[in-house]
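One-letter residues, chain by chain:
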Amino acid sequence: MYSRGRGRSGMIREFGIFRPLPTYHRMEKQWRYTSPKELHDLVKGSKEAGKDYIVVDVRDDDFAGGHVKGCLRAPFQEYEAGVANLVSKLKDVPTVVFHCTLSQVRGPKSARIYAETRSALVEGQKDTQEILVLQGGFAAFQAAYKDDTSLIEGWEPSGWNDAF
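Residues numbered from 1 in each chain as written. Predicted model: local features only at pLDDT ≥ 70, side-chain atom pairs only at ≥ 80, totals over all residues. Heavy atoms only, no water.

Draft legend 1. Spotlight on the overall build of the chain. Across its full length, the chain carries four helices and 10 strands. Reading the helices (α) and strands (β) of the chain from amino to carboxyl end gives β-β-β-β-α-β-β-β-α-β-α-β-α-β. Buried positions account for 40% of the 164 residues belonging to the chain. Nonlocal contacts in the chain, meaning residues at least 24 apart in sequence, comprise 64% of its contacts between residues at least 6 apart. Carbon and sulfur atoms make up 49% of the accessible area of the chain, which totals about 10100 Å². (Helix = DSSP H or I, 4+ residues; strand = E, 2+ residues; numbered from the N terminus. Buried < 20%, exposed > 50% of the residue type's maximum accessible area, 1.4 Å probe, protein only. Contact = heavy atoms within 4.5 Å. Areas by Shrake-Rupley, 256 points an atom, 1.4 Å probe, with all protein chains shown as cover.)

Draft legend 2. Broad picture of the environment of alanine 139. Structurally, alanine 139 can be placed in helix H4 (residues 137–145). When its relative accessible area of 12% is taken as the criterion, alanine 139 is described as buried. Considering only alpha carbons, one finds alanine 139 and histidine 67, 72 residues apart in sequence, at a separation of 9.9 Å.

Draft legend 3. Up close: the sheet that holds strand E4 (residues 32–34). Here we have five strands laid out as an open sheet, ordered E4-E9-E8-E5-E7, and parallel in their pairing. Edge strands, defined here as strands with exactly one partner in the open sheet, are E4 and strand E7 (72–73). Strand direction decides the pairing type here: strand E5 (residues 53–57) and strand E8 (residues 95–99), joined by five bridges, are parallel. Looking at E8, one finds that isoleucine 54 is bridged to valine 96. (Pairing = 2+ DSSP bridges.)

Draft legend 4. Layout of the packing of aromatic side chains. The final tally for this structure, using the stated rule, is four aromatic pairs. With a centroid separation of 6.3 Å and an interplanar angle of 85°, the aromatic rings of tyrosine 79 and phenylalanine 98 are classed as edge-to-face. Here tyrosine 79 is found in helix H2 (residues 76–89), whereas its partner phenylalanine 98 is found in strand E8, with 19 residues between them in sequence. Across the pair, exposure class does not vary: tyrosine 79 and phenylalanine 98 are buried alike. Note on phenylalanine 98 and tyrosine 114: the rings are 5.3 Å apart at their centroids and 55° apart in plane angle, and the pair reads as tilted. Of this pair, phenylalanine 98 sits in strand E8 while tyrosine 114 sits in helix H3 (residues 106–121); the two residues are 16 residues apart in sequence, bridging distant segments of the chain. (Phe/Tyr/Trp six-rings, centres within 6.5 Å; stacked < 30°, edge-to-face > 60°.)

Laid out in structure tokens, this is it:
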């Protein structure tokens, strides 16, 4: 089906017709990782949750066992269907932090989908929202700060013993 024609640099032959090779543009990463310490400093600082920053927890059934105080829960199983509403709801919040349990798949994917949706909805406007993913996820955050009730609520040791 696809073959390179002789003497036709940058072209492919598809069903006997020569066309230019497709170009793939790699999107610039629109989010970055943040450490548990940076999230600690953000929450403990003078910033107000819901106004200056928001923590979005995309865990599903693994939400049990505790969460960042004041987080917004957006289960990953339902995430894509509601991401446009989430973008609209958080449009004026300067910093949005996503996480799941380990922030290896669901947290980063949610941040990417959110950033792409936001880009499409605020097209033509200067976008100043900072999108972050909690490095190590809630597992790392709770390991460091589980005893601080100003950071974590609903913490249950049974949810974390020997879990990770």
